Amino acid sequence: MSSPSATITLSNGVKMPVIGLGTWQSSSEEVIAAVKHAVKAGYRLIDTASVYGNEAAIGTAVKQLIEEGVVKREELFITTKAWTNEFAPGKLEESLRESLKKLQIDYVDLYLAHMPTATNDDMTEQIASPVEDVWKQFDGVYKAGLAKAVGVSNWNNEQIGRALAVGLTPIHNSQVELHLYFPQFEHVEYCKKHNISVTSYATLGSPGRVNFTLPTGAKLDWAPAANELEDANVIEIAKKHNKTPAQVVLRYALDRGLAIIPKSVTASRINENFNVFDFSLTAEEISKLEEAKINQRLFLQDFMAGHPEDAFASERK
Ligand code: NAP
């Protein structure tokens, strides 16, 4: 069983908290309150991305927390991500400096390539920049001291292998969709072999994804999917431990040695999602949970289709 201050040591020695606050779809107003509540409750990792549009609000919350003496900068672990237009050739360092300005900090703890596919600014054109070239830019910002660690998100194993083969800074973290109904066994095994830590996103099954609205106001089509918080085995095991279904699926990822970043803007849920350090699942319970054998990817990232670096090309019909 891990403690609330549990960390994962990255391959360069940097310690990353095993649990952080996710912030996708959290508005500026919501995220200020959520970050302040979370840090006061014990969270130390905040996960954002330039494309979430809330870096400046997170910067405000972090500044206030530091000024109030709640936490020191060096006790926090701030992750942000470069969107597809920001790692187009030659753009990354400027993009990261822009994120740092919004976050009001002079380094991030982890900087991720949000996707493997480069595009122009409004995503109307795909740019055939190979992941090797994307990774060379991440090596550059790491060596410039702007990020304490660097990693990737939504890259497949083969792409990670090609980036590693460049022989520059290793990949410190891979952030992927991973939950009970999309357990990513092969990816976790691959990362373990290459000493890459794994962060699970959508650990709760991302029940709020259906509310997502693009900047144009359009909504995405989400395929119907089973809800793991309603899984009979999850509910049974939750009752046994006097925990909630959400706490059981979060614990499932923690017990696999992964980091988690559950998102909430609801104070009681922010507490609930952090209150997972006083129990753990037995091997038998884990097997029971995995009996579901549902392998549903929720985030197909359709905009990647047709790009030479589409990570999920083999899964598209
Ligand atoms: P998630 O964390 O699985 O689920 C968040 C949703 O669950 C929200 O609608 C939240 O509602 C609700 N929720 C939170 N705690 C709950 C609880 N205890 N019981 C029931 N419902 C609960 O999904 P996610 O936001 O998609 O993923 C987590 C984070 O991962 C994101 O916020 C983001 O930081 C990151 N992410 C990264 C990528 C990527 O491409 N790298 C993609 C997706 C997500 P309320 O907020 O209303 O409480």
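What you see is a predicted model, and the numbers here were worked out from it, not measured in a lab.

A. Representation of the overall build of the protein chain. Helix and strand counts for the protein chain stand at 10 helices and 12 strands. The C-alpha atoms of the protein chain give a radius of gyration of 19 Å, which matches the 20 Å a tight globule of 317 residues would have. Seen through its C-alpha atoms, the protein chain measures out along the principal axes to roughly 55 × 50 × 40 Å. Across the protein chain, the fraction of contacts at a sequence separation of at least 24, relative to all contacts at a separation of at least 6, is 74%. When the accessible surface of the protein chain is totalled, it reaches about 13,900 Å², and 51% of it is carbon and sulfur. For the protein chain, the centre of its 32 positive side-chain charges and the centre of its 40 negative side-chain charges are spaced 4 Å apart.

B. Quick peek at the UniProt feature "site: Lowers pKa of active site Tyr" (unreviewed entry) in the protein chain. Per the UniProt record, "site: Lowers pKa of active site Tyr" (unreviewed entry) is annotated on Lys81. Its place among the elements puts lysine 81 in strand β5 (residues 77-82). Lysine 81 has contacts with Asp47, Thr48, Ala49, Ser50, Tyr52, Glu86, Tyr111, Leu112, His114 and Gln175, leaving out every residue within four places of it along the chain. A polar atom in the side chain of lysine 81 sits 3.0 Å from the backbone oxygen of threonine 48.

C. Spatial organisation of unusual backbone geometry. Residue glutamine 104 is not a glycine yet carries a positive backbone phi of 60°. Position of glutamine 104 among the secondary structure elements: in the loop between α3 (92-103) and β6 (110-113). In this structure glutamine 104 comes out as partly exposed when scored by relative accessible area, which is 43%. Residue alanine 202 is not a glycine yet carries a positive backbone phi of 60°.

D. Layout of the site of the ligand. Taken together, 31 residues form the shell around the ligand, and within it Asp47, Ser206, Lys263, Ser264 and Thr266 come nearest. The contact in question runs from an oxygen atom of the ligand to an N or O atom on the side chain of aspartate 47, over 2.7 Å. Between the ligand and the protein, one listed contact pairs an oxygen atom with a backbone N or O atom of threonine 203 at 3.5 Å. Protein contact buries 90% of the 900 Å² of open area that the ligand shows by itself. A per-element tally of the shell around the ligand places helix α9 (residues 267-274) first, with 3 residues. When its residues are assigned to classes, the shell around the ligand shows 12 nonpolar, 14 polar and 5 charged.

E. Representation of the nonpolar core. Within the largest apolar cluster, 90 residues are counted, with the highest numbers of intra-cluster contacts made by Val35, Tyr111, Phe138 and Trp155. In this view, phenylalanine 138 contacts Ala82, Phe87, Leu92, Tyr111, Leu112, Ala113, Val150 and Gly151; residues no more than four positions away in its chain are not counted. In this structure, Trp83, Met115, Met304 and Phe312 belong to the second largest nonpolar core, which totals 5 residues.

F. Looking closely at the sheet that holds β5. Strand order in the open sheet formed by 8 strands is β3-β4-β5-β6-β9-β10-β11-β12, with parallel pairing between adjacent strands. Each of the sheet's edge strands pairs with one partner strand only, and the pair in question is β3 (20-22) and β12 (259-260). Bridge count between β6 and strand β9 (residues 150-153): 3 bridges; the pairing is parallel. Residue pairing for β9: leucine 112 is matched across the bridge by glycine 151. This element, α3, spans β5 and β6 of the sheet and lies at about 135° to β5.

G. Layout of the pairing of strand β10 (residues 173-177). In terms of burial, β10 is a largely internal element, 5 of the 5 residues being buried. Judged from the 3 bridges that link them, β9 and β10 form a sheet pairing that is parallel. The partner of valine 152 across the bridge, within β10, is serine 174. In the classification by handedness, the crossover that spans β9, the intervening helix α5 (residues 157-165) and the parallel β10 is right-handed. As paired elements, β10 and strand β11 (residues 197-201) share 5 bridges and run parallel to each other. Bridged to glutamate 177 within β11 is tyrosine 201. Crossover connection from β10 via helix α6 (residues 185-193) to parallel β11: handedness right-handed.

Rules used throughout
- Residues numbered from 1 in each chain as written.
- Predicted model: local features only at pLDDT ≥ 70, side-chain atom pairs only at ≥ 80, totals over all residues.
- Heavy atoms only, no water.
- Helix = DSSP H or I, 4+ residues; strand = E, 2+ residues; numbered from the N terminus.
- Rg over C-alpha atoms; globule rule 2.2 N^0.38 Å.
- Contact = heavy atoms within 4.5 Å.
- Areas by Shrake-Rupley, 256 points an atom, 1.4 Å probe, with all protein chains shown as cover.
- Lys, Arg positive; Asp, Glu negative; His and termini not counted.
- Charge placed at Lys NZ, Arg CZ, Asp CG, Glu CD.
- UniProt positions renumbered as here; feature names shortened; annotations may be inferred.
- Polar contact = N/O pair within 3.5 Å; in protein donor to acceptor, adjacent residues only side chain to side chain.
- Buried < 20%, exposed > 50% of the residue type's maximum accessible area, 1.4 Å probe, protein only.
- Near = heavy atom within 4 Å.
- Nonpolar A, V, L, I, M, F, W, Y, C, P; charged D, E, K, R; others polar.
- Core = buried A, V, L, I, M, F, W, Y, C linked by side-chain atoms within 4.5 Å.
- Pairing = 2+ DSSP bridges.
- Axes fitted to C-alpha atoms, helices over the stretch in contact; angles between N-to-C directions.
- Right-handed = clockwise from strand over helix to strand, strands pointing away.

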